[in-house]
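Coordinate inspection notes
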Number of protein chains: 2
Amino acid sequence: MKDLLIELDSRMKMPLYEQICRFIKEEIRTGKIAPGEKLPSSRALAAQLSVSRSTVDLAYGQLTSEGYLDSVPWKGYFAGNVRELYQLGDLKRIQTQERQEQRPAFLWDFALNGIDEESFPVNIWRKISREVLLEENSGLFQLGEPQGEQSLREVIADYLHHARGVQCRPEQIVMGAGNDYLLMLLSVLLKTDTVIAMENPTYRSAFQCFRNLGCPTAAIPLDGAGMDVEKLSASQADAAYVMPSHQFPMGTVMPISRRMELLRWAGEREGRYLIEDDYDSEFRYRGKPIPALQGYDTKGCVIYLGTFSKAIAPGIRVSYMVLPESLLSVYRQKGAAFSATISRIDQRMLEIFLREGHFERHLNRMRSVYRAKHDLLIRCLREMSDILELYGENAGLHVRVRFKNGMTEEEALRRAAGEKIRVYGLGEYVIEQDASVDRHTVLLGYGPLKSEEIQAACRKLKKAWM
Amino acid sequence: MKDLLIELDSRMKMPLYEQICRFIKEEIRTGKIAPGEKLPSSRALAAQLSVSRSTVDLAYGQLTSEGYLDSVPWKGYFAGNVRELYQLGDLKRIQTQERQEQRPAFLWDFALNGIDEESFPVNIWRKISREVLLEENSGLFQLGEPQGEQSLREVIADYLHHARGVQCRPEQIVMGAGNDYLLMLLSVLLKTDTVIAMENPTYRSAFQCFRNLGCPTAAIPLDGAGMDVEKLSASQADAAYVMPSHQFPMGTVMPISRRMELLRWAGEREGRYLIEDDYDSEFRYRGKPIPALQGYDTKGCVIYLGTFSKAIAPGIRVSYMVLPESLLSVYRQKGAAFSATISRIDQRMLEIFLREGHFERHLNRMRSVYRAKHDLLIRCLREMSDILELYGENAGLHVRVRFKNGMTEEEALRRAAGEKIRVYGLGEYVIEQDASVDRHTVLLGYGPLKSEEIQAACRKLKKAWM
């Protein structure tokens with residue numbers, strides 16, 4: 001380690017720390033400072049240059065973040081290996097590079113969380129956005145209601161009433177930027193240490209949210225009808241997170257009888273809640289849609305979670321929850337302290353999209369789009385009916401496939417990947433290993449895939465699996 | 001309090017709770033139940049009508065939210081003042097009205113959280129929104145990165161570096177829909193029961209968020225330079241929430257010396273953090289802006305919070321935090337489970353707004369707009385210099401005024417309200433009463449007011465106060 005012969009010019013417009021940066025970069029570039037060589041301590045260099053130590057720290061910090069220096073705790077700063085920096089250009093590109101490498105190259109991906117983006121009525125959306133931004137002193141840029149705008153909550157309440165049989169006043173609706181946020185907010189409203197029962201397997205992201213929020217959870221097995229209420233009663237849980245319309249990932253539609261058992265369980269004790277996640281109930285291709293659990297709730301123990309992520313697009317980040325009166329008062333005391341999480345412009349756009357019937361039309365269009373894909377996928381999979389059984393069809397945006405020939409999920413995924421096709425294993429959604437969990441099941445989402453892609457992908461799956 | 005002679009008809013299609021609502025509304029309308037009169041407890045009424053208690057609770061809840069009843073904790077339900085209600089008709093109007101009534105009719109409001117909406121370049125915003133929605137298969141409707149889009153975090157990192165001296169890689173930035181959400185997320189990342197020291201007085205909404213999240217807080221008095229570090233060291237706190245650039249509400253700009261003391265405190269122990277809320281640092285009208293505390297942090301103990309609520313608009317709900325490496329790894333384990341909270345379309349729009357220099361131009365324009373308002377307000381207030389002193393000027397969007405003539409904050413607010421002018425008392429922001437807190441101070445925000453309004457309002461204040 002040698003002294004750095006930096007000449008600082010305090011009359012220059014360039015700040016001192018930047019002059020130091022420039023000099024050291026140059027030294028490293030030209031190899032005058034070799035890769036791995038230790039630099040003077042910030043204290044020493046500050047003294048040598050008679051500048052404040054924070055100036056040198058600023059320079060070293062900058063150089064480190066740009067990758068010219070490596071900072072080794074308790075040891076000091078060392079010249080980084082610049083050759084890499086040179087081949088790959090700047091740090092940013094290195095990182096983007098890394099991120100892309102993480103995703104293996106699949107030809108087609110039966111992703112479970114995607115939507116058919118092409119069918120989104122982007123022209124109408126653009127038109128509405130223009131209208132909204134032309135509204136005179138709309139106040140849309142000022143801070144809005146924590147709960148979301150009343151006018152939006154009104155149209156949502158109407159929609160939920162006629163489309164899902166949900167009984168609520170707009171005052172019970174809390175808008176939020178996605179379900180994860182609403183679960184966060186919910187964890188603030190529920191009594192601390194409320195044990196939340198979850199179906200096993202379940203929607204993993206909800207499970208992870210609860211766990212990271214420090215909410216204790218209990219995994220409850222599923223039978224053909226849904227969450228096993230006996231096991232639920234035997235558990236410590238005072239809340240149960242369920243998906244009665246179309247359980248994820250199993251695709252089970254919960255029969256009325258089981259819904260009533262759950263409501264009875266919740267009614268048994270003060271402060272018990274059912275968290276009904278109705279994430280994809282808009283999509284049902286055969287048979288009448290069953291009204292939401294919330295509609296049958298006479299004791300105010302259902303928390304209804306809805307989202308526009310499937311019905312419109314996950315990218316817009318709009319979800320909502322319907323709180324029972326008991327929690328509404330808690331929300332007013334504790335929850336309302338958290339400002340709204342959805343742009344008022346987006347709220348206004350969504351309101352118009354619903355009010356003017358665009359949403360209704362969009363849903364009808366999407367139902368036929370997804371139904372066509374669904375039917376096609378089912379047809380293709382039936383060609384493999386010697387080796388697999390189908391479940392959870394006629395609703396939602398994914399189907400479940402079980403191998404009769406004993407092929408394991410791992411094997412099925414491996415073989416599919418061999419053909420560059422991505423399918424998903426049930427195992428990913430198992431939150432607690434138990435006997436009830438099946439090891440021969442994979443999941444296929446068809447939201448984003450085109451018909452011809454579904455056909456081609458299934459041909460390859462047939463090749464891989466049969 | 002008398003019995004209610006309600007006749008319920010279980011054969012009617014109308015639910016029982018609604019029949020109860022109807023009856024009680026009628027009784028209140030016709031004055032049979034007088035304003036302020038106590039109603040039977042839900043238990044008693046349920047028994048009397050032999051319906052379930054939850055039915056009565058539902059009815060009472062409904063009537064309360066419609067304003068027919070007032071619910072007084074531990075006391076019960078009382079008939080509201082219907083004369084108002086009557087003139088106003090239906091639910092919605094009542095609620096909007098109530099919302100407005102919470103803000104009594106002021107001529108001018110020196111609101112502390114508003115912005116100058118008129119100066120927002122809505123045409124550019126509209127143009128960008130159109131461009132973004134015209135982008136072909138942009139993927140903007142699919143779910144994005146939990147942290148926010150890389151490309152947006154890159155421009156923000158650049159901006160923070162040159163404008164605020166913040167040293168960070170885009171990977172350290174976490175985007176979120178408003179500061180409250182980011183504080184929620186932060187509470188997930190920090191060790192449970194981390195005591196958070198807060199300046200007293202402080203930004204009340206942050207205090208309420210921490211409290212509702214169950215984070216223990218410690219109120220630390222301020223001296224002329226900012227948070228009292230001796231008292232901080234004596235406290236149980238392992239994190240300190242500070243606003244060095246322009247303390248809210250005091251307006252103090254923290255001198256370097258105090259910043260260094262804080263950094264030293266944080267560096268003393270592993271896992272200590274400074275939460276730097278840089279909410280309005282873009283607006284400084286005289287003197288050089290002081291770089292953010294984060295820029296001087298060599299030990300990775302500063303969490304930097306920034307927002308576009310002041311610099312662009314609160315309605316768009318975009319904030320971000322810069323995590324030190326130590327917390328970044330925690331974020332990747334726990335925080336990344338929570339999906340993004342900002343629409344990708346909005347993120348893309350903001351990215352273009354920054355990248356194409358619109359933000360820079362907007363800030364420059366706003367600086368002169370606000371500076372003019374600031375100078376005007378100061379001039380007007382100086383006319384009252386016999387009775388008041390000015391503090392916290394030359395930065396941010398509000399000034400602080402202290403009465404030398406012993407006038408209390410309450411008196412000053414009362415007198416101002418008499419002239420239909422709204423100013424704000426320091427007391428609102430006091431989180432713990434102690435000797436250091438002054439009772440003769442009011443706050444005036446000038447963001448949303450027009451020049452002529454500021455002048456007119458100040459004339460009235462002079463009349464009220466002198």
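Summary of the structure given here. (Residues numbered from 1 in each chain as written. Chains lettered and ligands numbered in written order. Predicted model: local features only at pLDDT ≥ 70, side-chain atom pairs only at ≥ 80, totals over all residues. Heavy atoms only, no water.)

**A word on the sheet that holds strand 9 (residues 273–277) of chain B**
Residue and element names in this part refer to chain B. This is how the line gets drawn: Pairing between two strands is assigned when DSSP locates at least 2 bridges connecting them. Under the scheme used here, helices are H or I runs from DSSP no shorter than 4 residues and strands are E runs no shorter than 2 residues, and both carry numbers assigned from the N terminus.
Strand order in the open sheet formed by 8 strands is 4-11-10-9-8-5-6-7, and the pairing between neighbours is mixed. Because the sheet does not close on itself, it has two edges, and the strands there are strand 4 (173–176) and strand 7 (226–227). Note: strand 5 (residues 196–200) against strand 6 (residues 217–223), 5 bridges, orientation parallel. Pairing of Asn-200 across the sheet is with Pro-221, part of strand 6.

**Considerations on empty space enclosed by the protein**
Regions of empty space are outlined by a rolling probe, equal in size to a water molecule, passed over the atoms. We count it as follows: The rule is simple: put a 1 Å grid over the protein atoms alone, call a set of points where a 1.4 Å probe fits but cannot get out a cavity, call an open set with protein on both sides within 12 Å along at least five of seven lines a pocket, and count a residue as lining if it has an atom within 4 Å of a point. Grid points are joined across faces, edges and corners, and a volume is the space filled by probe spheres set on the points. Residues are sorted three ways: Asp, Glu, Lys and Arg are charged, Ala, Val, Leu, Ile, Met, Phe, Trp, Tyr, Cys and Pro are nonpolar, and all the rest, Gly among them, are polar.
This model, assessed by the stated rule, comprises 8 cavities of 30 Å³ or more. By volume, the largest cavity is sized at about 200 Å³. Ile345(A), Asp346(A), Met349(A), Ile345(B) and Asp346(B) are, among the 18 residues lining the largest cavity, the residues nearest its centre. Secondary-structure elements contributing two or more residues to the lining of the largest cavity are helix 6 (122–134) and helix 13 (344–355) of chain A together with helix 6 (122–134) and helix 13 (344–355) of chain B. Considering every element that reaches the lining of the largest cavity, the biggest residue donor is helix 13 of chain A, with 4 residues. Looking at side-chain class alone, the lining of the largest cavity contains 12 nonpolar, 4 polar and 2 charged residues. Considering only enclosed or pocket space, the second largest cavity measures out at about 90 Å³ in volume. Along the walls of the second largest cavity sit 13 residues, with Ser245(A), Ser281(A), Arg284(A), Pro289(A) and Ile290(A) positioned nearest its centre. Grouping the constituent residues of the lining of the second largest cavity by class yields 5 nonpolar, 4 polar and 4 charged.

**Some thoughts on the nonpolar core**
For soluble globular proteins, the rule of thumb is that nonpolar side chains tend to be buried together. Quick note on the threshold: Nonpolar cores were defined as sets of buried Ala, Val, Leu, Ile, Met, Phe, Trp, Tyr and Cys residues, with membership established by side-chain atoms within 4.5 Å. Relative accessible area decides the class of each residue, using a 1.4 Å probe on protein chains only: under 20% of the type maximum gives buried, over 50% gives exposed, and in between gives partly exposed. Pairs of residues are marked as contacts when any of their non-hydrogen atoms sit within 4.5 Å.
Judged by nonpolar contacts, the single largest core of 146 residues is most densely connected at Trp465(A) and Trp465(B). Among all residues touching Trp465(A), those that are not within four sequence positions of it are Met384(A), Ile387(A), Leu388(A), Phe403(A), Met407(A), Ala412(A), Arg415(A), Ala416(A), Val423(A) and Val442(A). If you look at the next biggest cluster of nonpolar residues, it comprises 79 residues, including Ala111(B), Leu186(B), Met198(B) and Leu327(B).

**Remarks on the sheet that holds strand 7 (residues 226–227) of chain A**
Residues and elements named next belong to chain A. Test applied: Axis lines are fitted to C-alpha atoms, over the contacting stretch for helices. Their N-to-C directions set the angle, which ranges from 0 to 180 degrees.
Strands sit in the order 4-11-10-9-8-5-6-7 across an open sheet of 8 strands; the sheet is mixed. The open sheet has two edge strands with one neighbour each: strand 4 (173–176) and strand 7. Alignment of strand 10 (residues 302–307) against strand 11 (residues 319–322), held across 4 bridges, turns out to be antiparallel. Looking at strand 11, one finds that Leu-305 is bridged to Met-321. Packing of helix 8 (residues 179–189) onto the sheet brings it into contact with strand 4, strand 8 (239–242), strand 9 (273–277), strand 10 and strand 11, and relative to strand 11 it is tilted by some 35°.

**Concerning the pairing of strand 16 (residues 441–445) of chain A**
Residues and elements named next belong to chain A. When you tally the buried positions in strand 16, you get 5 out of 5 residues, the bulk of the element. Neither face of strand 16 is left uncovered, since the one carrying Thr-441, Leu-443 and Gly-445 and the one carrying Val-442 and Leu-444 both have all their residues buried. Here 5 bridges tie strand 13 (residues 398–403) to strand 16, and the two strands are oriented antiparallel to one another. If you follow Val-399 over to strand 16, its bridge partner there is Leu-444. Pairing of strand 15 (residues 424–425) with strand 16 involves 2 bridges; the strand directions are antiparallel. Across the sheet, the residue bridging to Tyr-424 is Leu-443, located in strand 16.

**Comments concerning the pattern of salt bridges**
Which entries qualify depends on this criterion: Basic side-chain nitrogens of Lys or Arg form a salt bridge, by our definition, when they fall within 4 Å of a carboxyl oxygen of Asp or Glu.
The full count for this structure, using the stated rule, is 52 salt bridges over all chains. Between Arg258(A) and Asp223(A) there is a salt bridge, with its nearest N and O atoms 2.8 Å apart. Taken together, the positions of Arg258(A) in helix 11 (residues 256–268) and Asp223(A) in strand 6 (residues 217–223) put the pair 35 residues apart, joining distant regions of the chain. Residue classification places Arg258(A) among the buried residues on the basis of a relative accessible area of 9%. Two residues, Arg164(B) and Asp278(B), come together in a salt bridge whose shortest N-O distance is 2.6 Å. Separated by 114 residues along the polypeptide, Arg164(B) in helix 7 (residues 150–164) and Asp278(B) in the loop between strand 9 and strand 10 (302–307) bring together distant segments of the chain.

**Regarding the interface of chain B and chain A**
For clarity, the cut-off: Buried area adds together the accessible area that both of two parts lose upon being put together, with accessible area traced by a 1.4 Å probe.
With 65 residues of chain B in contact, the opposing surface of chain A contributes 62 residues. Taken over both partners, the interface formed by chain B and chain A buries close to 5,600 Å², and the fraction arising from carbon and sulfur atoms is 59%. Scanning the region where chain B abuts chain A turns up 0 salt bridges. With 7 residues, the single largest contributor to the side of chain B that touches chain A is helix 6 of chain B.

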